[in-house]
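# Coordinate inspection notes
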2 protein chains.
Amino acid sequence: MSDVLATCAAAQSASPTLARTSTSQRNAVLAEMAERIDGAHDAILAANAEDLDAGAAAGLSTAMQDRLRLDSTRLADITAGLHALVDAPDPIGRVSRGFTLPNGLDVRQVTVPLGVIAMVYEGRPNVTVDAAGLAMKSGNACVLRGSSSAINSNTALARLLREALTARQLPADCVCLIADTSRDSVKQLGRARGLVDLLIPRGGAGLIQAVISDSQVPVIETGVGNCHVYVDRAADLPMAARIVTNAKTHRPSVCNAAETLLVHREVADSFLPLIAQRLRDAGVALRGDEATRARIDAEPASSEDWDTEYLDLVLAVAVVDDLDAALAHIDRHGTHHTEAIVTSDRTAARRFVAGVDAAAVMVNASTRFTDGGEFGFGAEIGISTQKLHARGPMGLAELTTTKYVVEGDGQVRV
Amino acid sequence: MSDVLATCAAAQSASPTLARTSTSQRNAVLAEMAERIDGAHDAILAANAEDLDAGAAAGLSTAMQDRLRLDSTRLADITAGLHALVDAPDPIGRVSRGFTLPNGLDVRQVTVPLGVIAMVYEGRPNVTVDAAGLAMKSGNACVLRGSSSAINSNTALARLLREALTARQLPADCVCLIADTSRDSVKQLGRARGLVDLLIPRGGAGLIQAVISDSQVPVIETGVGNCHVYVDRAADLPMAARIVTNAKTHRPSVCNAAETLLVHREVADSFLPLIAQRLRDAGVALRGDEATRARIDAEPASSEDWDTEYLDLVLAVAVVDDLDAALAHIDRHGTHHTEAIVTSDRTAARRFVAGVDAAAVMVNASTRFTDGGEFGFGAEIGISTQKLHARGPMGLAELTTTKYVVEGDGQVRV
């Protein structure tokens, strides 16, 4: 058995003990984790400095170095996240359905932990603690595979998390970090059938595709968002300008940022100059189709632009003949994440909502609202763009499964 | 593009039209399907006779020939199933969560169809209609891949289903039958990423394993049930005998039948002779461990017996030291389907319910109750033994996903 599979097996052995803990036991571990991180800033920052030095030597970009960097403020944010989980309602033990059958059997469908959750992620070391905290709150053991650039930070953090488990009389293997940061370790996680109940890749499209195409364990896809804002013929244009600007520029590097603007032909003459000015002021580069470039200055959009998640201050712009053309464009190029319409026309809004196949559809609101925090779900493990099990922002509830409990007095089938 | 992928692509093209239909449109198609089957008994039975002749010539077992056989009664059962679906509540368009955010955004999580469901199944041609009916009711296009032994029956039935769609102004490709019944066609279905939203294998462990190990599309595992009944020290022994006999003999060929009996050492002397007599009278062959064979006549159980789903009048029997030993045995050999305890001890019942990792746990009831029909879910597409998306009996609700609809008045993130 490889090291990766041995680690998964260790997590699996620990998981039944964890699954049987009470809410207060799990909350005590979360508080203990926070306390140990609070008391070990020096050691964590020293490990982080090693990662930063190695990154600088390897020519890591300034942006990537910033993602990697920990400081006292960021560590305080991390432990605040753990304390927020202590305060969150327990997702385990909820009765999701319950009924009594005609023969007197009492049936309850109760939420239970999944078992072992594996997560593959890039860059930021805070994910190590966030993911372990979400898994702990939901009674799941976890196997964490971070990036090589953060290995020293992740190792230091995981050691503290495991010490907290031991201090609270739980198996340290409830939280396992995989030391092997090669591509092969990701492949092996995908082969851990029977040892891993759910594998969540968090990162770029390349990582996600690699995990899915090779995994024999259940995977939830997260994160790729080629999101559109469609400005309808009946849009309130100043509102549309605010929404488009917010969706593009509020935080361009995230999956719920807008990447393409679609404008109804009848309002293109009035809306395009207005939005072009606003976006240019905000530093956004525009790539337009011919009809757009006939009205405003923009680089010509190539066919790839419609499929590109820029994650940057770049926006593709197309003029469409009508709502159906907008829906057809989104069908062809969308990634089923978030799509928005700006319109005052009820019928158009209803047709757009019904016609778009996405985790979230916004009517007269920014795409940026597809977010576990904004939806009030608390900590978020990612935004699922698949249809099975979880779709859209995933919180603690999505890290559970169910069990039917059937109680009788000797009933048999007749 | 292969024929299989082309078929999946055709279903995918049809699916948005189907997803936008109303409840009454889908019900009208279901009624039309029933009517066309009712009016074509001769043609269906002629096609079925071809399958039966070919099966007899190929040496198909009598049991398999019986599974394959259609007659007027079975066809009437099939159309009764379609009419029951017409009467069932629509699983689409239900608001599963809904709330208003502090900023005034109205958020609703609404059930929507998955898109395209593919199903691989063996033997019985009624599954062609059952599966197409469930998919239609839940607004999903379907791709059906039945066995070669039923290809003529399935082709005749699928033709009628597609004619019903056309008659009701919907694309015939909402229901697609794959003519290629080779192993390779199953493999290709598993590669139809982006074309198939869910693949459900229904059949033996070999088929299910083949689908899972090679699939890049989401799969739901169904059906393998190595179910245990544990007779506790505090069991009402006559009740235990009724439950064990029912769980084993009521319908031995199905996944919720019991395969292993575990008896607490303290009641082994009194219970084993009692149950052995009852089971022998019902024609059940027993395979026991040493402690069992010291008390009753039974063939010796080999180590494979504990992992065998007999699907036949055979029962493995072991004596266990206590509840923990029973849980450990189930942990090692169970398939996460259904596990039962017979006990009058509240603490033992609670510990068993908490300790068993299965889709369903029975307390003082037969394992045979894990069933969509028994639970009142109406038509059942299978019993999921996995943890993601659906666990236990799957009805129409499990063939849906959700979409967040967010409505505002121009809200942006600040």
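Quick note: structure is the one above.
This text gives an overview of the structure that appears in the document. (Residues numbered from 1 in each chain as written. Chains lettered and ligands numbered in written order. Predicted model: local features only at pLDDT ≥ 70, side-chain atom pairs only at ≥ 80, totals over all residues. Heavy atoms only, no water.)

## Description of the overall build of chain A
Tallying secondary structure elements over chain A gives 14 helices and 16 strands in all. For 414 residues, the compact-globule estimate of 2.2 N^0.38 gives 22 Å, and the C-alpha radius of gyration of chain A, at 24 Å, lies within 12% of that figure. C-alpha atoms of chain A, sized along the principal axes, occupy 70 × 70 × 35 Å. Taking all 414 residues of chain A together, 56% fall into the buried category. Long-range contacts, defined as pairs at least 24 residues apart, comprise 72% of the intrachain contacts of chain A with a sequence gap of at least 6. (Helix = DSSP H or I, 4+ residues; strand = E, 2+ residues; numbered from the N terminus. Rg over C-alpha atoms; globule rule 2.2 N^0.38 Å. Buried < 20%, exposed > 50% of the residue type's maximum accessible area, 1.4 Å probe, protein only. Contact = heavy atoms within 4.5 Å.)

## Considering unusual backbone geometry
For H389 of chain A, which is not glycine, the phi torsion reads 75° and is therefore positive. Among the structural elements, H389 of chain A can be located in the loop between strand 14 (382–384) and strand 15 (392–394). In the Ramachandran plot, Q169 of chain B falls in the positive-phi region, its phi being about 60° despite a non-glycine side chain. Mapped onto the secondary structure, Q169 of chain B falls in the loop between helix 7 (151–167) and strand 5 (175–177). Residue Q169 of chain B is classed as exposed on the basis of its relative accessible area of 68%.

## Re the packing of helix 1 (residues 3–19) of chain A against helix 8 (residues 183–190) of chain A
Residue and element names in this part refer to chain A. Contact geometry for helix 1 and helix 8: axes closest at 9 Å, N-to-C directions at 45°. It follows that helix 1 is oblique to helix 8 by the angle criterion. Crossing of helix 1 over helix 8 shows right-handed handedness. Residue-level contacts link V4, L5 and C8 of helix 1 to S185, Q188 and L189 of helix 8. Its residues placed into classes, the contact of helix 1 with helix 8 shows four nonpolar, two polar and no charged. (Axes fitted to C-alpha atoms, helices over the stretch in contact; angles between N-to-C directions. Parallel < 35°, antiparallel > 145°, perpendicular 65-115°, else oblique. Left-handed = near helix turned anticlockwise from the far one by under 90°. Nonpolar A, V, L, I, M, F, W, Y, C, P; charged D, E, K, R; others polar.)

## Points about the relation of the copies chain A and chain B
Each copy of the sequence occupies a distinct position, and chain A is placed on chain B by a rotation of 180° and an axial shift of 0.0 Å, giving an RMSD of 0.0 Å. The two molecules are tied by a two-fold rotation axis, judged by turn and shift. The C-alpha atom lying nearest the rotation axis in chain A is that of H389 of chain A; the distance is 1.8 Å. Looking at the interface residues of chain A, 100% of them are also at the interface in chain B, so both copies use one shared face. (Least-squares fit on C-alpha atoms with pLDDT ≥ 70 in both.)

## Here's the deal with the interface of chain A and chain B
Contacts between the two partners involve 67 residues from chain A, matched on the other side by 67 residues from chain B. Between chain A and chain B we count eight salt bridges in total. Counting only elements with at least two residues in the side of chain A that touches chain B, the list comes to strand 1 (95–100), strand 2 (106–113), helix 9 (205–213), helix 10 (237–249), helix 14 (346–355), strand 13 (360–365), strand 15 and strand 16 (400–411) of chain A. Top element by residues in the side of chain A that touches chain B is strand 16 of chain A. It accounts for eleven residues. For the side of chain A that touches chain B, the residue count by class is 32 nonpolar, 19 polar and 16 charged. Across five bridges, strand 16 of chain A lies against strand 13 (residues 360–365) of chain B in parallel orientation. (Salt bridge = Lys/Arg side-chain N within 4 Å of Asp/Glu carboxyl O. Pairing = 2+ DSSP bridges.)

## Topic: the sheet that holds strand 3 (residues 116–121) of chain B
Residue and element names in this part refer to chain B. In space, the four strands of this open sheet follow the order 5-4-3-6, with parallel pairing throughout. Each end of this open sheet is capped by a strand with a single partner; those strands are strand 5 and strand 6 (198–202). Adjacent strand axes in the sheet meet at a mean angle of 15°, parallel and antiparallel pairs treated alike. Examined bridge by bridge, strand 4 (residues 141–145) and strand 5 share three bridges and lie parallel to one another. When the sheet's bridge partners are listed, V143 is paired in strand 5 with C176. In the packing of helix 7 onto the sheet, the strands contacted are strand 3 and strand 5, and the crossing angle to strand 5 comes to about 160°. The strands that helix 8 (residues 183–190) touches are strand 3, strand 4 and strand 6; relative to strand 4, the one it contacts most, it runs at about 150°.

## A look at the pairing of strand 13 of chain B
All names here are of chain B. Burial within strand 13 is extensive, with six of its six residues counted as buried. Where strand 12 (residues 338–342) meets strand 13, four bridges bridge the pair, whose relative direction is parallel. From the neighbouring strand, T338 faces strand 13, where its bridge partner is A360.

## Notes on the environment of D307 of chain A
Relative to the elements of secondary structure, D307 of chain A occurs in the loop between strand 10 (299–300) and strand 11 (314–320). If near-sequence neighbours (up to four positions away) are discounted, D307 of chain A is found in contact with N226, R332 and H333 of chain A.

## Points about the pattern of salt bridges
What the rule picks out here adds up to 38 salt bridges over all chains. The shortest N-O distance in the salt bridge between R74 of chain B and D66 of chain B comes to 3.5 Å. Judged by its relative accessible area of 30%, R74 of chain B falls in the partly exposed class. The partner of R162 of chain B in a salt bridge is D173 of chain B, with the nearest N and O atoms 3.1 Å apart. Residue R162 of chain B is found in helix 7, and its partner D173 of chain B is found in the loop between helix 7 and strand 5; the two are separated by eleven residues along the sequence. By relative accessible area, which is 27% here, D173 of chain B ends up partly exposed. Through salt bridges with shared partners, a single ionic network connects E32, R36, E163 and R168 of chain A.

## Details of the sheet that holds strand 3 (residues 116–121) of chain A
All names here are of chain A. Reading across from one edge, 5-4-3-6 is the order of the four strands in this open sheet, with parallel pairing throughout. The open sheet has two free edges, formed respectively by strand 5 (175–177) and strand 6 (198–202), since each of these has just one partner strand. Within this sheet the neighbouring strands show an average axis-to-axis angle of 15°, counted without direction. Here strand 3 runs beside strand 4 (residues 141–145); their pairing, made up of five bridges, is parallel. The residue bridging I117 from the neighbouring strand is C142, located in strand 4. Strands in contact with helix 1 are strand 3, strand 4 and strand 5; relative to strand 4, the strand with the most contacts, it is inclined by about 150°.

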